[in-house]
Amino acid sequence: MFKKYLGLMGLVLFASAAQAKQLGVGLILISPTGLSTNYFLDKNTSIDTAWAWSMNDDDQNLYVHATYLFHRPRLIKLDRTALDVHFGGGLRMISWDDRPGRNKKHDDETYLGLRGAMGLSYTFKPSVEVFSEVSMTMDVIPETDADVDIAIGARFYF
């Protein structure tokens, strides 16, 4: 099951990159840690995704989120530096793979939840962005649970 999600993740990423004119691809760190994409639909809106995985001794999981973001360019000004603000909502999915004798709390379970996010970003050059983000997710399938994630990252736009 884990391999199917990983394959689907790669297919969507490459299909997005092939059609993109304002596509940013990079890394996201802390929670989650993995690949990050951001596709600008216009000057003030985008679709942000993160595709992360964990394969440590205690569990294997796949994390995917997609968030529709609103951007407010240069909203925060610090001396000669301006930071962009983004906020929005979307979905998050986490799928745990069966690990015999390991973490039994989530074996072979997939969680789906509603996600709200807000963050800051700074563009060094027209093609390099660094960002930070805080998000809250309310899982609704298979049970109700809440989760907070904090992340930083960088993307290259082409």
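If you're wondering where the values come from, they're calculated on a predicted model, not measured in any experiment.

A. Highlighting the overall build of the protein chain. From N to C terminus, the protein chain includes one helix and eight strands. The order of helices and strands in the protein chain, counted from the N terminus, is α-β-β-β-β-β-β-β-β. Relative to its 158 residues, the protein chain shows a buried fraction of 40%. Summing over all exposed atoms, the protein chain offers an accessible surface of approximately 9,200 Å²; the carbon and sulfur share of this is 63%.

B. Local environment of the side chain of His86. Position of His86 among the secondary structure elements: in strand E5 (residues 81-97). Polar contacts involving the side chain of His86 include one to the side chain of Glu133, which spans 3.1 Å. Leaving out residues up to four positions away in the same chain, His86 has contacts with Leu69, Phe70, His71, Ala117, Met118, Gly119, Leu120, Ser132 and Glu133.

C. Representation of the packing of aromatic side chains. Overall, the coordinates contain five aromatic pairs when judged by the stated rule. Aromatic rings pair up to connect Tyr68, Phe70 and Phe87 into one cluster. A cation over a ring is seen here: Arg155 above Phe131, with NZ or CZ 4.0 Å from the ring centre.

D. Just the pairing of strand E7 (residues 128-141), in detail. Of the pairings in the sheet, the one linking strand E6 (residues 110-125) to E7 comprises 13 bridges and is antiparallel in character. Across the sheet, residue Ser121 finds its bridge partner in E7, namely Phe131. Remark: two residues form the turn of the hairpin made by E6 and E7, two consecutive strands paired antiparallel. The sheet contact formed by E7 and strand E8 (residues 145-157) spans twelve bridges and is antiparallel.

E. Region of the structure containing the nonpolar core. Formed by Ile28, Ala50, Ala52, Tyr63, Ile94, Trp96, Tyr111, Phe131 and Ala151, the largest nonpolar core amounts to nine residues. Excluding anything up to four places from it in sequence, Ala151 contacts Ile28, Leu29, Ile30, Ser31, Pro32, Phe131, Ser132 and Glu133.

F. How the structure looks around the environment of Pro32. Inspection of the secondary structure assignment puts Pro32 in the loop between strand E1 (23-30) and strand E2 (34-40). The class for Pro32 is buried, based on a relative accessible area of 8%. As a C-alpha pair, Pro32 and Asp149 span 117 residues in sequence and 7.3 Å in three-dimensional space. In this view, Pro32 contacts Ala50, Ala52, Tyr63 and Ala151; residues no more than four positions away in its chain are not counted.

G. Looking closely at the layout of surface pockets. Quantified by volume, the largest pocket comes out at close to 310 Å³. Around the largest pocket sit 13 residues that line it, and Phe40, Lys43, Asp84, Thr123 and Glu129 are the ones nearest its centre. Taken together, the elements giving at least two residues each to the lining of the largest pocket come down to strand E4 (60-78), E6 and E7. It is E4 that provides the largest number of residues to the lining of the largest pocket, a total of three residues. In terms of residue class, the lining of the largest pocket is built from five nonpolar, four polar and four charged.

Reading the values: rules and limits
Residues numbered from 1 in each chain as written. Predicted model: local features only at pLDDT ≥ 70, side-chain atom pairs only at ≥ 80, totals over all residues. Heavy atoms only, no water. Helix = DSSP H or I, 4+ residues; strand = E, 2+ residues; numbered from the N terminus. Buried < 20%, exposed > 50% of the residue type's maximum accessible area, 1.4 Å probe, protein only. Areas by Shrake-Rupley, 256 points an atom, 1.4 Å probe, with all protein chains shown as cover. Polar contact = N/O pair within 3.5 Å; in protein donor to acceptor, adjacent residues only side chain to side chain. Contact = heavy atoms within 4.5 Å. Phe/Tyr/Trp six-rings, centres within 6.5 Å; stacked < 30°, edge-to-face > 60°. Lys NZ or Arg CZ within 6 Å of the ring centre and 35° of its normal. Pairing = 2+ DSSP bridges. Core = buried A, V, L, I, M, F, W, Y, C linked by side-chain atoms within 4.5 Å. 1 Å grid on protein atoms, 1.4 Å probe; cavity = no way out; pocket = protein on both sides within 12 Å on 5 of 7 lines; lining within 4 Å. Points joined across faces, edges and corners; volume = space filled by probe spheres on them. Nonpolar A, V, L, I, M, F, W, Y, C, P; charged D, E, K, R; others polar.

Just geometry here; none of it tells us what the structure is for.
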